[in-house]
Amino acid sequence: MEEFKRFLRESRVKEKYIPHYVRWVVRCYTFFGEEFSTKLHGSQKDRFLNHISSRCEEWQIKQADYAVKLYQYFLSRKEQKD
């Protein structure tokens, strides 16, 4: 996750949001039991968001959605570099 944190900083995400974005990504991947190097499908992201929707406020769901999208973009960029 350190590389993702660095990516978020380079993308000018406010420092105070970074731990929350990382936490959402970790929760999502833990929910599916996936390795962090695996790209998720959009349907998986939607299932995770639906799962958390009963316990989270709307702004948290939006934040989780954005965090997972950023992580998928991060993985795509990382694949291109390798």
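Source: prediction; values computed, not measured. (Residues numbered from 1 in each chain as written. Predicted model: local features only at pLDDT ≥ 70, side-chain atom pairs only at ≥ 80, totals over all residues. Heavy atoms only, no water.)

Participant: Tell me about the pattern of salt bridges, and please be specific about residues and values.
Facilitator: Scanning the model with the defined rule gives six salt bridges in all. Residues Lys5 and Glu2 are paired through a salt bridge, measuring 3.3 Å at the closest nitrogen-oxygen approach. Placement of the pair is Lys5 and Glu2 together in helix α1 (residues 2-10), with a separation of three residues, close to one helical turn. Put simply, Lys69 and Asp65 hold a salt bridge, and the shortest N to O gap is 3.3 Å. Here the residue Lys69 and the residue Asp65 both occupy positions in helix α4 (residues 58-81), the gap between them amounting to four residues, near one helical turn. The exposure class assigned to Lys69 is partly exposed, which follows from its relative accessible area of 45%. With relative accessibility at 17%, the residue Asp65 sits in the buried group. Overlapping salt bridges bring together Lys45, Asp46, Asp65 and Lys69 as one network. (Salt bridge = Lys/Arg side-chain N within 4 Å of Asp/Glu carboxyl O. Helix = DSSP H or I, 4+ residues; strand = E, 2+ residues; numbered from the N terminus. Buried < 20%, exposed > 50% of the residue type's maximum accessible area, 1.4 Å probe, protein only.)

Participant: Can you tell me about the environment of Phe31, naming the residues and giving the values?
Facilitator: Mapped onto the elements, Phe31 comes out in helix α2 (residues 18-32). Given a relative accessible area of 35%, Phe31 falls into the partly exposed group. A sequence separation of 32 residues divides Phe31 from Gln63, and the C-alpha atoms of the two residues are 17 Å apart. Those residues in contact with Phe31 that sit more than four places away from it in its chain are Arg47, Phe48 and His51. (Contact = heavy atoms within 4.5 Å.)

Participant: Residue-level account of the packing of aromatic side chains, with values.
Facilitator: Scanning all chains against the criterion turns up 12 aromatic pairs. With centroids separated by 4.9 Å and ring planes inclined at 90°, the aromatic side chains of Phe4 and Tyr71 adopt a geometry described as edge-to-face. Highlighted residues: Phe4 in helix α1 and Tyr71 in helix α4, separated in sequence by 67 residues. Assessed through its relative accessible area of 1%, Phe4 is described here as buried. For the ring pair Phe7 and Tyr73, a centre distance of 6.0 Å and an interplane angle of 50° mean the geometry is tilted. Linking Phe7 in helix α1 with Tyr73 in helix α4, this pair joins segments that are 66 residues apart in sequence. Overall, the relative accessible area of 47% leaves Tyr73 in the partly exposed class. Here a set of aromatic residues connected by ring pairs shows up, and it is made of Phe4, Phe7, Tyr29, Phe36, Tyr71, Tyr73 and Phe74. The ring of Trp24 is capped by Arg23, whose NZ or CZ atom sits 5.8 Å from the centre of that ring. (Phe/Tyr/Trp six-rings, centres within 6.5 Å; stacked < 30°, edge-to-face > 60°. Lys NZ or Arg CZ within 6 Å of the ring centre and 35° of its normal.)

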